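Working through the structure, step by step
As a plain string of letters, each chain reads:
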Amino acid sequence: CVEEVLSRGGDYAGILLQGNTKAWLEIYQLPKDSWLTEMEKNAGAAEGSACSETRSSGLSELGTFLLQELPVSAIQADVELDLPVLLLTVRPPKPITGTTFKDPLDALKEVDDDGMLGLGYNHLIKDSQWELQEAIFCSTYREYLEAGGVTKEEIPRHATFHFLLPSRILVGPEMEVQPDIPVGIGVHWDGNHNFCLYLLNRSLQGKADSDLMPDVVWPCAAPIACSAVSSCSRYLALAGEDATITIWDKHLGYPLSVTAILEERFIRSIHFL
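Criteria and cut-off values
Residues numbered from 1 in each chain as written. Predicted model: local features only at pLDDT ≥ 70, side-chain atom pairs only at ≥ 80, totals over all residues. Heavy atoms only, no water. Helix = DSSP H or I, 4+ residues; strand = E, 2+ residues; numbered from the N terminus. Buried < 20%, exposed > 50% of the residue type's maximum accessible area, 1.4 Å probe, protein only. Contact = heavy atoms within 4.5 Å. Areas by Shrake-Rupley, 256 points an atom, 1.4 Å probe, with all protein chains shown as cover. Pairing = 2+ DSSP bridges. Axes fitted to C-alpha atoms, helices over the stretch in contact; angles between N-to-C directions. Polar contact = N/O pair within 3.5 Å; in protein donor to acceptor, adjacent residues only side chain to side chain. Patch = residues over 30% accessible without salt bridge, like charges linked within 9 Å, V, L, I, M, F, W, Y side chains within 5 Å. Salt bridge = Lys/Arg side-chain N within 4 Å of Asp/Glu carboxyl O.

Before going further, it helps to examine the overall build of the protein. A tally of regular secondary structure across the protein gives six helices and 12 strands. The burial tally for the protein puts 35% of its 273 residues in the buried class. Within the protein, counting contacts between residues at least 6 apart in sequence, those at least 24 apart form 53% of the total. About 17700 Å² of surface is accessible on the protein, with carbon and sulfur atoms providing 53% of the total.

The following block contains the structure:
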């Protein structure tokens, strides 16, 4: 476990896991209401009186509630808590490869989400074309590749992710959502250009354990070095490895400002004040 992030209010938790050769992100829904109810029940049984007046609607207050209200005997008692529910399993994007499809119609048969591919010509890159382009690149920059010891592209193993409140980018006007509960997450992996957004209700389609495609992708001109989301979740800041910072308004879906740092700097973190 490399990192864990709890959404404001304690409705969701994200855990970044790394193995020897792979990494992935798991998003869980936390049954905080049933947890609080169960803890109050045990506290009432231990003290001989109900303590429902101390119930809190926020998971952030659960620790204070337990320390102040529960005796040691109640904390050590067997408490049956509901398990968190796995909603999403997000994996790093795979390296770009060529397609095995012979023509657009062959590729169209594999599209199962009612989407549509371009019907023109030369829209598909075959394996042979990709290998040819790689051979041309390696022969052109051979001296630089050998000097730098560049190896084949590896799948990134670290991600930065944020829980996002409702906005026009993630939900439409017809969807009924609570304004203070996250509806999605934003993820970017080290060395990748794309900021990917996933809806938290994707598990309803039975795809929690499969490789999910993002619901929204924001491509950037350079690999994303770091990111930040404002406390109101409306503004998103993305800093690229080219020392350019872009501030997005997620409600409206367009950038508010783009700032390029002229000096050769690598931005390690950004914060909203």
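Next comes the rest of the description.
With that out of the way, let us pick up the sheet that holds strand β9 (residues 224-229). Spatially, four strands are ordered β9-β10-β11-β12 in an open sheet, and the strand pairing comes out antiparallel. The open sheet is flanked by β9 and β12 (254-260), the only strands paired with a single partner. The mean inter-strand angle of the sheet, taken between neighbouring strand axes irrespective of direction, is 15°. As judged from the five bridges shared by β9 and strand β10 (residues 235-240), these two strands associate in the antiparallel manner.

Judged by pairing direction, the sheet is antiparallel, and its four strands sit side by side in the order β5-β6-β7-β8 without closing on themselves. Where the open sheet ends on each side, the last strands, each with one partner, are β5 (159-164) and β8 (216-219). Sheet twist, expressed as the mean angle between neighbouring strand axes with direction ignored, is 20°.

With respect to the secondary-structure elements, Glu26 resides in strand β3 (residues 23-29). Separated by 2.5 Å, the side chains of Glu26 and Tyr28 make a polar contact. When near neighbours in sequence (up to four residues on either side) are disregarded, Glu26 contacts Ala13, Gly14, Ile15, Leu17, Leu86, Leu88 and Thr89.

Right, let's talk about a nonpolar patch on the surface for a bit. A cluster of nonpolar side chains, Phe137, Tyr141 and Tyr144, forms an exposed patch at the surface whose accessible area comes to about 360 Å². Position of Tyr144 relative to the elements: it lies in helix α6 (residues 142-148).

Let us now look at unusual backbone geometry. With a phi angle near 70°, Ser233 is a residue other than glycine that sits in the positive phi range. In this fold, Ser233 is placed in the loop between β9 and β10. One non-glycine residue, Ala243, adopts positive backbone phi at about 65°. Mapped onto the fold, Ala243 is located in the loop between β10 and β11 (244-249).

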